[in-house]
Amino acid sequence: MFVSFFPRPRLFFASAVIWSLIAVIGWYLGGEQLGALFNMAPSGADADTTRGVSEFLSPAYIWFYVYFWMSILLFAGFWFWFSPHRWQAWSVLGSGLIIFITNFSVQVSIVINNNWRGPFYNLIQEALTTPGSVNQGQLFSGVVQFLTLALVGITVAVLNLFFVSHWVFRWRTAMNEFYTYHWPRLRHIEGASQRVQEDAMRFATTMQGLGVNLIDALMTLIAFLPVLAALSGNVTELPVVGAIPYPLVFAAIGWSIFGTVLLAVVGIKLPGLEFRNQRVEAALRKELVYGEDDASRAQPLTLGELFDNVRKNYFTLYFHYVYFNVARYLYLQADVIFPTFLLVPTIAAGRITFGIFQQILSAFTYVASSFQYLVNSWPTIVELISIYKRLRAFEAQIGGGELPEADQHYLRREQAGVPPEDQPAT
């Protein structure tokens, strides 16, 4: 799954994480200020809340782009030299481009929150509090500013999705070439054709959504945590716990951890059931394929038994998804009102304006959503785990390792000429 597309995957991903941490820490410990040497001042030195799209062309932003790409090119250059790989342009540089574009989209959200949301909603508050103090031109100007920023964000997001789609298809192409090269050793594994075609396709498609969302969550977290920490200075105290340092930051982290643990516990059975579901479906499909060429196969009794296995597993899956979805939807609904609940003492004390209130709600939602990556992605993660379990058998066979017990059981029955049956989940 990974060695076909990435050079030495375990070492590659470990080094990518370490290098990313070094680059981020280096930026905050002095890399940002180095821009002053090239007449590119740090962002705080030339911040202007009236700026719109021009913010992204300011010297500070240009220096950030330079720093970002210097980090990516240094990392890519090392891997091109250390472990050349056929797909390195897509897997290494392509990944860097996806991270950069995702970060740019997050920066658009930062500019909207800091430069537009606060001033615009304060303007609305002023207009509603003191009639005639704000003219229509000012309000229309605020609307236009938002639309131009949103247009930039939408354009970048669409282009990113277009590139990611091509990037993921290259990954699937690499997997397909790798598996078909080893086809003589794989063809006897249960559902081998399905695993090469459908499971590889589903793995690539699922990784597209999860991978982009994970990068977006990390980039959002890095960008918005300082914003939320700064906005915490406007909060007097939290309900129940009272006054604590950086209250919004700790509240976002605690609330997100609670939701993640909650859904991980109530959804613990789902990966195994999804994996079992693919197995019983594959058994039914394979018997039907045999029946196309052999009249002795795919008899009604056999098909009835195989479909009964499918029915039992689906009904079990439906049952477990009931309480999982109850917990998930209750948490997500509570999540909508939770930041407002936190601000009740501050609002009652009149310590913030309507603009700051909107900024806090937005920043809190961004940070909490980043920490809630597992909460929001859990059903997709469950599906990915089940696909991974099936493709893992290929990895074991190619590497000369031992097949999972369920696949060994199927292979023994296949060699003995015994029709497929329901397989135990592993």
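Structural notes, computed from the coordinates. (Residues numbered from 1 in each chain as written. Predicted model: local features only at pLDDT ≥ 70, side-chain atom pairs only at ≥ 80, totals over all residues. Heavy atoms only, no water.)

### Remarks on the overall build of the protein
- For the protein, the count of helices and strands is 13 helices and 0 strands.
- Mapped in sequence order, the helices and strands of the protein form the string α-α-α-α-α-α-α-α-α-α-α-α-α.
- Within the protein, the fraction of its 426 residues that count as buried is 46%.
- For the protein, the proportion of contacts with a sequence separation of at least 24, taken over those separated by at least 6, is 78%.
- With the model as given, the accessible surface of the protein reaches about 21700 Å², and the carbon-plus-sulfur share is 68%. (Helix = DSSP H or I, 4+ residues; strand = E, 2+ residues; numbered from the N terminus. Buried < 20%, exposed > 50% of the residue type's maximum accessible area, 1.4 Å probe, protein only. Contact = heavy atoms within 4.5 Å. Areas by Shrake-Rupley, 256 points an atom, 1.4 Å probe, with all protein chains shown as cover.)

### As for a nonpolar patch on the surface
- Together, V240, V241, I244, Y246 and F250 give the surface a local cluster of nonpolar side chains, amounting to about 560 Å² of exposed area.
- Assignment of secondary structure puts I244 in the loop between α6 (192–231) and α7 (247–266). (Patch = residues over 30% accessible without salt bridge, like charges linked within 9 Å, V, L, I, M, F, W, Y side chains within 5 Å. Salt bridge = Lys/Arg side-chain N within 4 Å of Asp/Glu carboxyl O.)

### Here we look at the packing of α7 against helix α11 (residues 354–371)
- Their axes nearest at 9 Å, the elements α7 and α11 cross at an angle of 40°. One element, α7, and the other, α11, form an angle in the oblique class. Judged by the sense of rotation from one axis to the other, the crossing of α7 with α11 is right-handed. Contact residues: L248, A251, A252, I253, S256 and T260 in α7; I360, F364, V367, A368 and F371 in α11.
- Partitioned by chemical class, the residues of the contact of α7 with α11 number 9 nonpolar, 2 polar and no charged. (Axes fitted to C-alpha atoms, helices over the stretch in contact; angles between N-to-C directions. Parallel < 35°, antiparallel > 145°, perpendicular 65-115°, else oblique. Left-handed = near helix turned anticlockwise from the far one by under 90°. Nonpolar A, V, L, I, M, F, W, Y, C, P; charged D, E, K, R; others polar.)

### Comments concerning the pattern of salt bridges
- Counted by the stated rule, this structure contains 3 salt bridges.
- Between E177 and R86 there is a salt bridge, with its nearest N and O atoms 2.5 Å apart. In this pair, E177 sits in helix α4 (residues 136–181) while R86 sits in the loop between α2 (59–82) and α3 (88–129), placing the two residues 91 residues apart along the sequence.
- Residue R86 is classed as exposed on the basis of its relative accessible area, which comes to 64%.
- Of the charged contacts in the structure, one is a salt bridge between R311 and D308, with a shortest N-O distance of 2.6 Å. Of this pair, R311 and D308 both sit in helix α9 (residues 300–342), 3 residues apart, roughly one helical turn.
- R311 gets classed as partly exposed once you look at its relative accessible area, which sits at 35%.

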